[in-house]
Every structure is written in C-alpha cells, then in structure tokens.
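Structure at a glance
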Amino acid sequence: MNTPFYSVVVLCYNTAETVVETLESIKGQTFRDIELIICDDASADGSVEICRRWIEDNGDRFSRALLMTADRNRGTAANADRGCREARGQWLKVIAADDCLLPTGLEEYKHFIDSHADSDILFSKMTAMGDMTMAEHSSILDTGKYFSRLTRRQLEMRLLKGNFLPAASALIRRDCYDRLGGYEMSVALMEDWPFWVKAILNGCVLRFYDGYTAAYRFSQHSISMSEMHERRKAYLKTDRAAHDFVLRLLRSKHRYCDWYYQLTYYHRTLQPDSMLWRALYRMNVLNPVYYEDKRYKKIEL
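In this report, the structure presented in the accompanying data block is examined. (Residues numbered from 1 in each chain as written. Predicted model: local features only at pLDDT ≥ 70, side-chain atom pairs only at ≥ 80, totals over all residues. Heavy atoms only, no water.)

**Topic: helix α7 (residues 152-161)**
Counting buried positions over the 10 residues of α7 gives seven, a clear majority of the element. Along α7, the residues classified as buried are Gln154, Leu155, Glu156, Met157, Arg158, Leu159 and Leu160. (Buried < 20%, exposed > 50% of the residue type's maximum accessible area, 1.4 Å probe, protein only. Helix = DSSP H or I, 4+ residues; strand = E, 2+ residues; numbered from the N terminus.)

**Looking at unusual backbone geometry**
With phi around 55°, Asn14 is a residue other than glycine that occupies positive phi space. Along the chain, Asn14 turns up in the loop between β1 (6-12) and α1 (19-27). Although it is not a glycine, Ala42 sits at a positive phi angle of roughly 65°. On the secondary structure map, Ala42 appears in the loop between β2 (34-40) and α2 (47-58). Ala42 sits in the partly exposed class, given a relative accessible area of 24%.

**Quick word on the pairing of strand β8 (residues 206-218)**
Sheet topology note: the strand β5 (residues 100-101)/β8 ladder contains two bridges and is antiparallel. Counterpart to Cys100 in the pairing with β8 is Ala215. Relative to β8, strand β6 (residues 121-130) runs parallel, the two being bridged by 10 bridges. Residue pairing in the sheet places Phe123 in a bridge with Phe208 of β8. (Pairing = 2+ DSSP bridges.)

**Focus on the pattern of salt bridges**
For the coordinates displayed, the defined rule picks out 13 salt bridges. For Asp114, the salt bridge goes to Lys110, with nearest N and O atoms at 3.0 Å. Taken as a pair, Asp114 and Lys110 lie in helix α4 (residues 105-115) at a separation of four residues, close to a single helical turn. Two residues, Asp118 and Arg207, come together in a salt bridge whose shortest N-O distance is 2.8 Å. (Salt bridge = Lys/Arg side-chain N within 4 Å of Asp/Glu carboxyl O.)

**Here we look at the packing of α1 against α2**
Two elements in contact, α1 and α2, have axes whose closest approach is 10 Å; the angle formed by their N-to-C orientations is 25°. Comparing their axes, α2 and α1 come out roughly parallel. Like other packed secondary-structure pairs, α1 and α2 cross with a definite hand, here right-handed. Across from Val19, Val20, Leu23, Glu24 and Lys27 in α1, the residues of α2 making contact are Ile50, Cys51, Trp54 and Asn58. (Axes fitted to C-alpha atoms, helices over the stretch in contact; angles between N-to-C directions. Parallel < 35°, antiparallel > 145°, perpendicular 65-115°, else oblique. Left-handed = near helix turned anticlockwise from the far one by under 90°. Contact = heavy atoms within 4.5 Å.)

**Things to note about the nonpolar core**
Within the largest apolar cluster, 46 residues are counted, with the highest numbers of intra-cluster contacts made by Ile121, Phe123, Tyr183 and Trp196. Excluding anything up to four places from it in sequence, Trp196 contacts Ile121, Phe123, Leu159, Asn163, Leu165, Ala167, Ala170 and Ile172. Formed by 31 residues, the second largest nonpolar core is a distinct cluster that contains Ala16, Leu36, Ile55 and Leu171. (Core = buried A, V, L, I, M, F, W, Y, C linked by side-chain atoms within 4.5 Å.)

**Looking at the pairing of β1**
Counting buried residues in β1 gives seven out of seven residues, a clear majority hidden from the surface. Burial along β1 is two-sided: Tyr6, Val8, Val10 and Cys12 and Ser7, Val9 and Leu11, pointing in opposite directions, are all buried. Note: β1 against β2, seven bridges, orientation parallel. Counterpart to Ser7 in the pairing with β2 is Glu35. Traced from β1 through α1 to β2, the parallel crossover comes out right-handed. Summarising the sheet, β1 and strand β4 (residues 91-96) pair through six bridges and their orientation is parallel. Bridging across to β4, Val8 finds its partner in Lys93. (Right-handed = clockwise from strand over helix to strand, strands pointing away.)

Written out as structure tokens, the structure is:
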C-alpha cells in the first residue's frame, strides 16, 4: 500500500463557492507526494458534485484522490476524524474548504520536519484572505508570539483558558493522531481546541515554524436574525461541551483539577498583587505569570 508523506483532508460543508479555490491550492503545491481526501458532511448546495468533477479532472496529480460523502450532517469533529482515519500519509493536513495552502507551504514544512524530527504537531504563520477589515482586527494570523514568549507550562495554561492555535496552519503527525485517539466526538462542532489540549497534556511536542504555509479566510456573511440565533445557540452548546471535555481530561491528569481549571479559566479574579498570586508564582504551581506579568502584556492573551 502506498504511504504518501502528506494526506490533505479537506472539510467540506456547503462550501460550493470556495472549495475549488481550496483544491487548486493543494494541486498547486511544489511538494508532490500528496494524498487528497475530501470529506463532505452532507452538503445541500452542490458541493459534492463540484468536488466529484474536480477529482475526475485533477485526481491524477495525487498519489490517491478520494471523495467521502455522508448521508447526514455529523459535525466538524466527526467529519475530520473519518477523513484522518482513512488517510495513509505520514502527516495529516486538515483544512477547511474555504481556506488555502500557499504554493510552497507543504515543501517548507517538509524541510522543517527534517530538522525537527521529534515534532508531533506544527503551526505556522498565515496570510489573510476574504474580508480584510476583519483580518486587521484579528490576532490569530501569527501564533509565533505564544511559542516564543511562553514556557511549555504557560502554553498549557493558556490552552486551558481557550484556543489560540488555528487549525488552518496545523500539521499533525499520523502516529500522534492515532496515539491520542483522534478528535473528540463529544464536541461535535469543534475539532481543534480539544485535540490541542489532549496533545499538550499527553506530552506531545508542539512546534512553530516561522514561515507562511496557509491562507485563512475571513468572512462575514449576511444572515437573518433567526439564523443568527441558531448559530449563537450552537456556539454556546459547543463551547460548553469543549470546557466540559477539558475538565474531564484534567481530572485524569491532576489531583486538584477543578481548582486548577477554574483558576485558569477565570484568571481575572486573581489579582497580581494578592498573597495567593505571589504564593503560586513563588511555588511555580500554576505559574500565572503568563497573563499578569508585564513582560507578556503586549501578547494580547
């Protein structure tokens, strides 16, 4: 069985307007040893037929090109997981069908992997596409500030508060994905944050490549009030499920996890001039310096 170096898993759900641009960006990679897997989560806008035609015309470019469809919508985590489990590559690149890879992105990652063989998950800088006004006010395009200024413990603490590592630039070693059991199915609409938390609490090596490998699309669609209400409900449900998962995972890792997690998540209740803060800092138990110390004020954590 052919074992390509990369498997690129494209997550598609009602993305008929953008999916071809995403696929063309994968086809145009300077690195050649790529498997392509498109996972459609029961789209209703013609995305499946568009992808099917595209594979018929361009499938020969890849070591293997596959379109996976679903009879009903199961959510982002399940959609990504079935694509990753079908993949044969040594490294998994999961990308939404509205983002893009930069032409040399996978080749540059390959060079970085060659000199950092112990890496499990990689992140990089990203360029912006789409709504540039939204991009100007975003802080997710460069995650390097976290890796360069925070210790591993501080990085772990910051992840417990919430996600700051964008999936659009992520690259995951296949055996790392298998070792962690894949994405978390209890958080149906969010595949990335629970996985990053699981990875760092299990000792996986997360690294940052100081280059650009992907383009992240900023978009602000006009939607009705009813649609906005439904999206808000779905977001709140997903957010609660994600925090519940993080707490469950901590209970298996830390004796005083409830206090540990609440102190991390509601960090603003802990004042830097309090005796408790000073004691924690001195003992290096939770090391809350990452969000209060003046050295880190400019990171916008």
